[in-house]
There are 2 protein chains.
Amino acid sequence: MTIHFNAFDMVVPVHQSPGLWRHPDSRIEEFDTLEYWTELARTVERAGFSSLFLADIPGVYDVYGGTAEAAAKGGVQFPLLDPQVMVPALAAATTHLGFGLTASVTYEAPYALARRLATLDHLTRGRIAWNIVTSYQESAARNLGLSGQIPHDERYDRADEYLEVMYKLFEHSHEAGSVLADKSTGVFVDPEKVHPISHRGEWFDVPGEMLTHPGPQRTPLLFQAGSSARGQKFAVDHAEAIFVISSSPQRLAHQVADTRGKLLEAGRDPESVRFFAMATIIVAETQDLAQARLAECRDYVDTASALTLFGGWTGVDLSGLAEDDVVSDVQTEANQSALAMFTKDPAKRWTVRDVAEFISIGGRGPLIVGDPVQVVDELVRFQQLSGVDGFNISAAVRPADFERFETFVTPELRRRGLLPERPQTPVTLREALLEEGPHLRADHPAPRCGAGAQREARSRISSAIAPAKSRDSP
Amino acid sequence: MTIHFNAFDMVVPVHQSPGLWRHPDSRIEEFDTLEYWTELARTVERAGFSSLFLADIPGVYDVYGGTAEAAAKGGVQFPLLDPQVMVPALAAATTHLGFGLTASVTYEAPYALARRLATLDHLTRGRIAWNIVTSYQESAARNLGLSGQIPHDERYDRADEYLEVMYKLFEHSHEAGSVLADKSTGVFVDPEKVHPISHRGEWFDVPGEMLTHPGPQRTPLLFQAGSSARGQKFAVDHAEAIFVISSSPQRLAHQVADTRGKLLEAGRDPESVRFFAMATIIVAETQDLAQARLAECRDYVDTASALTLFGGWTGVDLSGLAEDDVVSDVQTEANQSALAMFTKDPAKRWTVRDVAEFISIGGRGPLIVGDPVQVVDELVRFQQLSGVDGFNISAAVRPADFERFETFVTPELRRRGLLPERPQTPVTLREALLEEGPHLRADHPAPRCGAGAQREARSRISSAIAPAKSRDSP
């Protein structure tokens, strides 16, 4: 058994822990320098992480109070730099580390994003993942040229076609060996091996050839994190790694099993997809020091900032309430369901202060507090109960909590042989995480081989995994 | 007197010199690795260049023969990586070098591009320029979601509004000192100093705040290269540095003087704008060796590839002609004017072979061949006759010609004191090139201070430079 770790971060002052930038150990005020991120990438590589996973949003969180004021004041995912342009520099500073890049399919033409992602795959030698998001902010839609958001399920239908275009560009436009660079014959690219994709669809028309030849992975490793039913279907149709969030391992176990079942129904090997759970770790030499550090962190919780994040995620504005107001007393049913997103116990009477504390220190995922042995015990227990393959680690104090992971958690993980081994020669991120080849598996639904060959590949896989499937049959 | 040099390049196998990738010194088959570009950036920094200027196009050159076949075979600006994501890595590998980035205003929302450019300005500590292009390829328009190109002059009208949005985002949304990161007061960004830009226009609606606080330069240094009358007006309205191309210094002198006159009419100090002429240098220890190298380069000219570039630039397909056909005999008037773009002597009877050779080895700008003293003599003469401030140097053999520049030309430039001095502490690219502050000048038309203050600034500048203006008055 091994545990994969990704560092879950964002090029902002506050990612997941509002207020914690005020902790004395925080150096996140350097977030707009390349040096900060280069050092962080080296830290998490030394700590044994598989990737640095960078979240992104294309807008400002302006639901709380109806303005961007609280987001600005608290540095809540604002100001927000573009993570994509940073990645080749971080790759140059590291050897094995992968880079998860969040990019929305809502605001950029697939032809342009495909070129950028392929470029990143080239420049990192195949060390990137694409976290596919459809985006959910009104503020982004308005600033990026739409009159409002595309309705939720329609966004996913459009995203399906977007992915179809991306697969055609990544997988079908340039055959293997298209780049010859043969000085003797004068042929740089074999024109016989380059094909226009001739895509005409409901949302996109893309007649031409991919501008860039494919990188080492062709399609970047595909990450997805949708939690709605439609989002889960999208993950089943596309994702190779799925990011899940719950502080309850039992609830995650249900979600993971349910998704693996749907993967099977879709003709994909359910064990080929990796699941990562968000987790936050407060670790110290001893249990007492770890608890003291947790208490210290709680001193920095900033309610307005936490509710800014809550508002951004849920669309629910709690700015009219006082700290002691019980959210479930005064909010509508929609708000109850928003609240349920964050809690393992929706029946609890949550005050505004509870919500803020919960959000501010790792609340959405497990919060693991203890000495190195306790932390690793809990990681192992959580992984076994939930069935996930690893964790997206969120830091409360940045970058200190990643440095503390390296100092305290990594040696204990190594002692127990729980970190994945790294090959002498660096491999692609897909190879490192899926322990397979650098390209999409044959049972992935990408239209790699034309519709006929694809159906054939699917039926081949279905029969190979039929015994497992029969368990679900009546 | 000093001469500024920019390295004019592109993340492709063939940029300006079709066929020359087959030269034995060429290592351009490594164009899809970060190491190639990192080494190139270090080379041109050592050589005394001010910036690495990266061209870009969003489509494939498919006019020649009506397909992308010749572009693929000859590697003619295809495959084409995304230059933007490379820049922070190159900045990390250098200290003073600037980076000119070509980005089109036609296919991306200004809100997204502004964030990316501001991010690059942060990560490079103010060392970027934005080369503003409106794009001219049918192939790009079709693949990026338009049914065809926006008509030429309308593209520029739209680009004017695009720039207006960018100025509001870069200059007006975040006041100086908006980022406090004050742990004691808990204020990361002062909300009083962040403003939604409330832009409503003919082409764009952008109500919100800039996502990223401004980088060291706020607006990146603005480059432009439009050669049409409308393009020149756009340059006068926006550019701080203008890229011009002609092998005739006299013709450039006319163009530079004409543009400086129009800058004056527009209320801008005409001496505040820098002009750069494209030039190609073939240099060796002796004149004979340089001529031998030129002859050797000519052996690698590839006619189909050259005509692919010609077709892409002009929209004129010469694929039906033989090498000895005279282009001006068989082509229409429109084609004559396309041909005139490239030649100092439009009356000459150009054969297809002539056109190919002309295009392949520096033809559009001056081709300077000789020993170090001759080359520097010619650079000085060309600069004095044309009135440009420096050169965008295109390499025929890549990266060898930039390495040869460092070996042969740089020492001679240094001996004569012709290279700009570099400050001990690195400065922004605007400071390095314009020898002024890091931000847009007060007489730049950006709506930095609101419409009223802007009018005031313009009238202040106009009176300051009135004596010069009177020369043009009747």
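Here the structure is a predicted model, which means the values were calculated and not measured.

Draft legend 1. Representation of the overall build of chain A. Broken down by element type, chain A carries 18 helices and 13 strands. Out of the 474 residues in chain A, the part that is buried amounts to 63%. Relative to all contacts within chain A whose residues are 6 or more apart in sequence, the contacts with residues 24 or more apart total 77%. In the form shown here, chain A has an accessible surface area of approximately 16,800 Å², with 49% of it arising from carbon and sulfur atoms.

Draft legend 2. Structural detail: the relation of the copies chain B and chain A. The transformation that overlays chain B on chain A combines an axial shift of 0.0 Å with a rotation of 180°, and the residual RMSD is 0.0 Å. In short, the pair behaves as if placed about a two-fold rotation axis. Mapped onto chain A, 100% of the interface residues of chain B are again interface residues, and the two copies thus contact each other with one and the same surface.

Draft legend 3. Representation of the nonpolar core. If you look at the biggest cluster of nonpolar residues, it comprises 299 residues, and the most contacted ones within it are W130 of chain A together with W130 of chain B. If near-sequence neighbours (up to four positions away) are discounted, W130 of chain B is found in contact with L101, A103, V105, L113, L117, Y162, L163, M166, P220, L221, L222 and F223 of chain B.

Draft legend 4. How the structure looks around the side chain of R268 of chain A. Residue and element names in this part refer to chain A. Mapping R268 onto the fold places it in the loop between α8 (249-265) and β11 (274-283). Buried charge R268 goes without a salt bridge, the closest partner of opposite sign being D443 at 5.3 Å. There is a polar contact of 2.8 Å between the side chain of R268 and the backbone oxygen of V236.

Draft legend 5. How the structure looks around helix α4 (residues 110-123) of chain A. Residue and element names in this part refer to chain A. Taking 1.5 Å per residue, 14 residues should reach 20 Å; α4 reaches 20 Å between its end C-alpha atoms and fits that length. Most of α4 sits inside the fold, with 13 of its 14 residues counted as buried. Residue R125 follows α4 closely and has a positive phi angle near 55°.

Draft legend 6. How the structure looks around empty space enclosed by the protein. Evaluation of the coordinates by the stated rule reveals nine cavities of 30 Å³ or more. Within this model, the largest cavity holds a volume of roughly 290 Å³. Forming the boundary of the largest cavity are 21 residues, of which D56, P58 and E108 of chain A together with A112 and R115 of chain B lie nearest the centre. Secondary-structure elements contributing two or more residues to the lining of the largest cavity are β3 (98-104) and α4 of chain A together with α4 (110-123) of chain B.

Draft legend 7. View of the UniProt feature "binding site: FMN" (unreviewed entry) in chain A. Sequence positions flagged by UniProt for "binding site: FMN" (unreviewed entry) are, in local numbering, D56, T102, H152, Y156, S227 and S228 of chain A. Within the annotated group, the residues that form the lining of the largest cavity are D56 and T102 of chain A. As for its placement among the helices and strands, D56 of chain A is situated in the loop between β2 (51-55) and α2 (69-74). The exposure class assigned to D56 of chain A is buried, which follows from its relative accessible area of 16%. Among residues more than four places away in sequence, those in contact with D56 of chain A are M10, L80, L81, P83 and T102 of chain A together with R115 of chain B. Mapped onto the elements, T102 of chain A comes out in strand β3. Not counting chain neighbours up to four residues away, the residues in contact with T102 of chain A comprise F53, L54, A55, D56, Q84, N131 and V133 of chain A. In this structure the side chain of T102 of chain A is engaged in a polar contact, spanning 2.8 Å, whose partner is the backbone oxygen of L54 of chain A.

Draft legend 8. Summary view of the interface of chain B and chain A. Residue-level contacts link 69 residues of chain B with 69 residues of chain A. Both faces considered, chain B and chain A share a buried interface measuring about 5,900 Å² in area, 65% of it formed by carbon and sulfur atoms. In this structure, the connection of chain B to chain A is made through six salt bridges. In this structure, the salt-bridge partner of E35 of chain A is R125 of chain B, at a minimum N-O distance of 3.0 Å.

Draft legend 9. Examining the environment of F188 of chain A more closely. For F188 of chain A, the position within the fold is in strand β6 (residues 187-189). With relative accessibility at 1%, the residue F188 of chain A sits in the buried group. When the C-alpha atoms of F188 of chain A and V369 of chain A are compared, they prove to be 57 Å apart, with 181 residues separating the residues in sequence. Once you skip the residues sitting within four places of it in the chain, F188 of chain A turns out to touch S178, V179, L180 and A181 of chain A together with P13, W21, E29, F31, A72, K73, G74 and G75 of chain B.

Draft legend 10. The packing of aromatic side chains, seen in detail. Per the counting criterion, the structure on display carries 36 aromatic pairs over all chains. Aromatic rings pair up to connect F5, F49, F382, F391, F402 and F405 of chain A into one cluster.

Draft legend 11. Here's a closer look at the pattern of salt bridges. In this structure the tally under the stated criterion is 62 salt bridges over all chains. One salt bridge connects R116 of chain B with D82 of chain A, and the closest N-O pair in it is separated by 3.2 Å. Linking R116 of chain B in helix α4 with D82 of chain A in the loop between α2 and α3 (87-92), this pair reaches from one chain into another. An identical accessibility class is assigned to R116 of chain B and D82 of chain A; each is buried. Taking the shortest distance from any N to any O, the salt bridge between E39 of chain B and R27 of chain B comes out at 3.2 Å. Taken together, the residues E39 of chain B in helix α1 (residues 34-46) and R27 of chain B in the loop between β1 (4-9) and α1 connect sequence positions 12 residues apart. With relative accessibility at 39%, the residue E39 of chain B sits in the partly exposed group. One salt-bridge network, held together by shared partners, links R27, E30, E39 and E403 of chain A.

Draft legend 12. Representation of the pairing of strand β4 (residues 128-133) of chain A. Residue and element names in this part refer to chain A. By the criterion of burial, β4 is predominantly enclosed, with five of the six residues buried. Pairing between β3 and β4: six bridges, direction parallel. In the strand pairing of β4, T102 is matched with N131.

Draft legend 13. Broad picture of helix α10 (residues 303-314) of chain B. Residue and element names in this part refer to chain B. With 12 residues, α10 ought to run about 16 Å at 1.5 Å a step, and its terminal C-alpha atoms sit 16 Å apart, in line with that. Along α10, 11 of the 12 residues are buried, which leaves the element largely enclosed by surrounding structure. When α10 is considered as a whole, its buried residues turn out to be T303, S305, A306, L307, T308, L309, F310, G311, G312, W313 and T314. Downstream of α10 by one or two residues, G315 has phi in the positive range, about 80°.

Draft legend 14. Representation of the environment of L418 of chain B in the model. Residues and elements named next belong to chain B. Its location among the elements puts L418 in the loop between α15 (400-415) and α16 (429-434). With a relative accessible area of 7%, L418 lands in the buried category. Along the backbone, L418 and M1 are 417 residues apart, and their C-alpha atoms lie at a distance of 6.5 Å. Ignoring sequence-local partners within four residues, the contact set of L418 consists of M1, T2, I3, V376, V380 and L413.

Draft legend 15. Structural view of the side chain of D443 of chain A. Residue and element names in this part refer to chain A. Locating D443 in the fold gives a position in the loop between α16 (429-434) and α17 (450-464). In terms of polar contacts, D443 uses its side chain to reach the backbone amide nitrogen of D269, at 2.6 Å. One polar contact links D443 to R441, side chain to side chain, over a distance of 2.8 Å.

Draft legend 16. Local environment of unusual backbone geometry. Of note, the amide linkage connecting R398 of chain A to P399 of chain A takes the cis form, showing an omega dihedral of 0°. Following the sequence through the fold, P399 of chain A ends up in the loop between β13 (390-394) and α15 (400-415). Residue P79 of chain B is reached from F78 of chain B by a cis peptide bond, and omega for that bond is -5°. Here P79 of chain B is to be found in the loop between α2 (69-74) and α3 (87-92). Of note, Q77 of chain A is a non-glycine position whose phi angle comes to about 50°, a positive value. With respect to the secondary-structure elements, Q77 of chain A resides in the loop between α2 and α3. Non-glycine residue A181 of chain A carries a positive phi angle of around 45°. Looking at the element boundaries, A181 of chain A is found in strand β5 (residues 179-182).

Scoring rules and cut-offs
Residues numbered from 1 in each chain as written. Chains lettered and ligands numbered in written order. Predicted model: local features only at pLDDT ≥ 70, side-chain atom pairs only at ≥ 80, totals over all residues. Heavy atoms only, no water. Helix = DSSP H or I, 4+ residues; strand = E, 2+ residues; numbered from the N terminus. Buried < 20%, exposed > 50% of the residue type's maximum accessible area, 1.4 Å probe, protein only. Contact = heavy atoms within 4.5 Å. Areas by Shrake-Rupley, 256 points an atom, 1.4 Å probe, with all protein chains shown as cover. Least-squares fit on C-alpha atoms with pLDDT ≥ 70 in both. Core = buried A, V, L, I, M, F, W, Y, C linked by side-chain atoms within 4.5 Å. Lys, Arg positive; Asp, Glu negative; His and termini not counted. Salt bridge = Lys/Arg side-chain N within 4 Å of Asp/Glu carboxyl O. Polar contact = N/O pair within 3.5 Å; in protein donor to acceptor, adjacent residues only side chain to side chain. Expected span 1.5 Å × (residues − 1). 1 Å grid on protein atoms, 1.4 Å probe; cavity = no way out; pocket = protein on both sides within 12 Å on 5 of 7 lines; lining within 4 Å. Points joined across faces, edges and corners; volume = space filled by probe spheres on them. UniProt positions renumbered as here; feature names shortened; annotations may be inferred. Buried area = accessible area lost by both parts, 1.4 Å probe. Phe/Tyr/Trp six-rings, centres within 6.5 Å; stacked < 30°, edge-to-face > 60°. Pairing = 2+ DSSP bridges.

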